[in-house]
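This is what each chain is made of:
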Amino acid sequence: MALPLGNTVAQPAWRRPALRGKLLVGGALLGIIVLLALFAPIVAPFPPEELHVADRFQAPNAIYLAGTDELGRDVLSRTLYGSRLSLFLGLAATFIAMLIGIPLGLLAGYSRGWLDELIMRLLDVMMSFPPIILILLVLAVMTPNLAKTALVVGLLYVPAVARLARSVTLSIAAEDFIQAARARGESRLYILFREIMPNAWPPLVVDASLRVSFAILLAAVLSFLGFGVQPPQADWGLMISQSRSFLQISPWIALTPGIVMCLTVVSLSLLGDGLREHLDPRLRHGPGL
Amino acid sequence: MLVYVLQRLASVTVILIAMSILVFAVVNLLPGNTAIIMLGSYSTPEALAALEAKLGLNDPLAVQYWRWATDALTGDLGNSLVMERPIAPILWDALQRSAILAIAAIVCVAIIGILLGVVAALYEGRLTDHAVSLFGYLGMAIPEFFWAIVLIILFSSYLGWFPTVGYEPLSAGLWPFLSHLVLPVVTLTLTLIAHISRLTRSSMLDVLQSSYIRAARARGLPERVVVMNHALRNGLLPTITVLAQDFGWLIGGIVVIESVFAYPGLGRLLIFSIERHDLPFVQAIVLVVTATFCLANLGADLLYAALNPKIRYGASSR
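If you're wondering where the values come from, they're calculated on a predicted model, not measured in any experiment.

1. Things to note about the overall build of chain A
- What chain A contains, in helices and strands, is eleven helices and zero strands.
- Reading chain A from its N terminus to its C terminus gives the helix and strand order α-α-α-α-α-α-α-α-α-α-α.
- By the burial criterion, 43% of the 289 residues in chain A qualify as buried.
- Counted over contacts in chain A with a minimum sequence separation of 6, partners at least 24 positions apart contribute 71%.

Take a look at the structure:
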């Protein structure tokens, strides 16, 4: 039987399907969404900003599968194009958070002492703001656009990523092979990036997959409030925001992007949970042990 | 315990000061100062210079910060640029209305979340447990603004039970007041409940497997007494800390919810002032909201310490 490496205890048979199931369902769902986003120009029945003034507020039908909005734009096409923006925002923000957060956490966790204190206390100040408030404060003094939204959301997540990287580093730094590297006289940079980093990635990857979904939601909220992606671009949060005046007559304008957004987030958190259970040996035996 | 309280008080003070500096810096270091915004695109250099002098914008930033911070401590938050009135009274009214939402939501989250968590733990691995965790997944995956839209479509447009937007004071009658609160509070509760119920479930599971619970059962105590009197007390400790952390998300949620439901609280005021570039107002709201958040965290820490014997007796020995 093909058991994961290092696992010598057979699992109860009924637990394994659930474990693989999460990875499988999450991965498959996400795969479909990513493919649809990549091939949106081919898959989408209409260009996202094309107006069909004669066909405003159409309910879902054979031509407009998810109906049309107040300007006669095809809701399904806009939702498909919106997935490109959302996935980009989620990935870009997570990338920025990791790019800054991981080195900070490695440095703080490995150096200890005053540098550790300084970094962590500064991050504490950032974390003592309620998340959306800090972003709104920054966006209040700038004109919002796609890149700035990604940057601000990414920066907001730096403290959380750095804290995780620090705690992982702390436990790895106590291992013998790090002592050995230090005794060999390796440089601090070498130890951080060649010795600690390769061993620190599993929890960081799990965190990243969940963080993408947080970032997608946060970016959608910002667009919804008018501080993210700007019209006429097709963004999920923006589409839902603009549909608010027409909820009574045509709820599908809000429901279609909303449901796709939820499916994306669910697929990402299933994937993240599945990965965590797969990578963390303690969870392999199921919860409660 | 006293040492611990003093430590926490000191660190909260430091954080509040650092935070106010950060708020001030973000608003004042970035290009486009208050005078430029007040005069708009018709400003002449002379008018700009005169206004800058009048507002004290030519003073060193440290002096400006000191003036702003000391005024804020005495309750003077400056004047709104757009409404041309003192900020403090407007902000106070909005804060009260937001507090109604926040308290109602946190109470619902605590009661329902803990209940669901305990039930899930008692029925671990069975259908009830799975139903609770599915409910939790849904709550977390659906952002508050979409929950709000779905609830409006269902209960307002379709069933017509509750008004879609707005606010009525209590003086207008109990039902008008409550009916405007139902949908916002339900939305906030739905998004936060998963966190609490998951955590309660896992900490209850830990506690239920501990030896003192086995001992209590072995003594023949009825299951209800074991769960309510023995397990719950320790099982709820982590939940209190998380409730305080969730308070941050609650504040974020309130900003969104208030703008969906056109509820005249602090969140809507914040969005309103950002849209109109009313920087003094933005600065004041962010300061008040963040300070509230810090104090809530402090309160939770102290409550946790008071309930947890390890900290109550052990702080000085560390």
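2. Description of unusual backbone geometry
- For A:Arg112, which is not glycine, the phi dihedral falls at a positive 55°.
- In this structure, B:Ala262 is a non-glycine residue whose phi angle is positive, near 45°.
- As for its placement among the helices and strands, B:Ala262 is situated in the loop between α11 (237-260) and α12 (266-275).

3. Overview of the environment of A:Val212
All names here are of chain A.
- Structurally, Val212 can be placed in helix α9 (residues 188-225).
- Measuring from C-alpha to C-alpha, the distance between Val212 and Met142 comes to 24 Å, with 70 residues separating the pair along the chain.
- If near-sequence neighbours (up to four positions away) are discounted, Val212 is found in contact with Gly90, Leu91, Thr94 and Leu268.

4. Regarding the packing of helix α8 (residues 174-208) of chain B against helix α10 (residues 223-235) of chain B
Residue and element names in this part refer to chain B.
- It is at 8 Å that the axes of α8 and α10 come closest, and there the two elements cross at 125°. The angle between the axes of α8 and α10 places the two elements in the oblique class. Along this stretch, α8 crosses α10, giving a crossing that reads as right-handed. Contacts between α8 and α10 involve Thr200, Ser203, Met204, Val207 and Leu208 on the former and, on the latter, Ala231, Asn234 and Gly235.

5. Some details on the interface of chain A and chain B
- Taken together, the contact pairs 30 residues of chain A with 36 residues of chain B.
- The set of elements that each furnish at least two residues to the side of chain A that touches chain B consists of α4 (113-127), α5 (131-140), α9 and α11 (252-279) of chain A.
- In terms of residue class, the side of chain A that touches chain B is made up of 24 nonpolar, five polar and one charged.

6. Remarks on the nonpolar core
- Among the nonpolar cores identified, the biggest contains 151 residues, and A:Ala93, A:Val153, A:Ala215, A:Val221, B:Val282 and B:Ile285 are the most heavily contacted of them.
- The element contributing the most residues to this core is α9(A), with 17 residues.

7. Here's the deal with helix α7 (residues 144-158) of chain B
- Between its terminal C-alpha atoms α7(B) stretches 20 Å, which fits the 21 Å expected from 15 residues at 1.5 Å a residue.
- At B:Ile152, α7(B) shows its largest kink, close to 30°.
- Burial in α7(B) covers these residues: B:Glu144, B:Phe145, B:Phe146, B:Trp147, B:Ala148, B:Ile149, B:Leu151 and B:Ile152.
- On the buried face of α7(B), the contacting elements are α9, α10 (236-242) and α11 of chain A together with α8 and α11 of chain B.

The rules behind the values
Residues numbered from 1 in each chain as written. Chains lettered and ligands numbered in written order. Predicted model: local features only at pLDDT ≥ 70, side-chain atom pairs only at ≥ 80, totals over all residues. Helix = DSSP H or I, 4+ residues; strand = E, 2+ residues; numbered from the N terminus. Buried ≥ 20, exposed ≤ 12 C-beta atoms within 10 Å, placed from the backbone. Contact = placed C-beta atoms within 7 Å. Axes fitted to C-alpha atoms, helices over the stretch in contact; angles between N-to-C directions. Parallel < 35°, antiparallel > 145°, perpendicular 65-115°, else oblique. Left-handed = near helix turned anticlockwise from the far one by under 90°. Nonpolar A, V, L, I, M, F, W, Y, C, P; charged D, E, K, R; others polar. Core = buried A, V, L, I, M, F, W, Y, C linked by C-beta atoms within 7 Å. Expected span 1.5 Å × (residues − 1). Bend = angle between axes of the 7 residues up to and from the residue.

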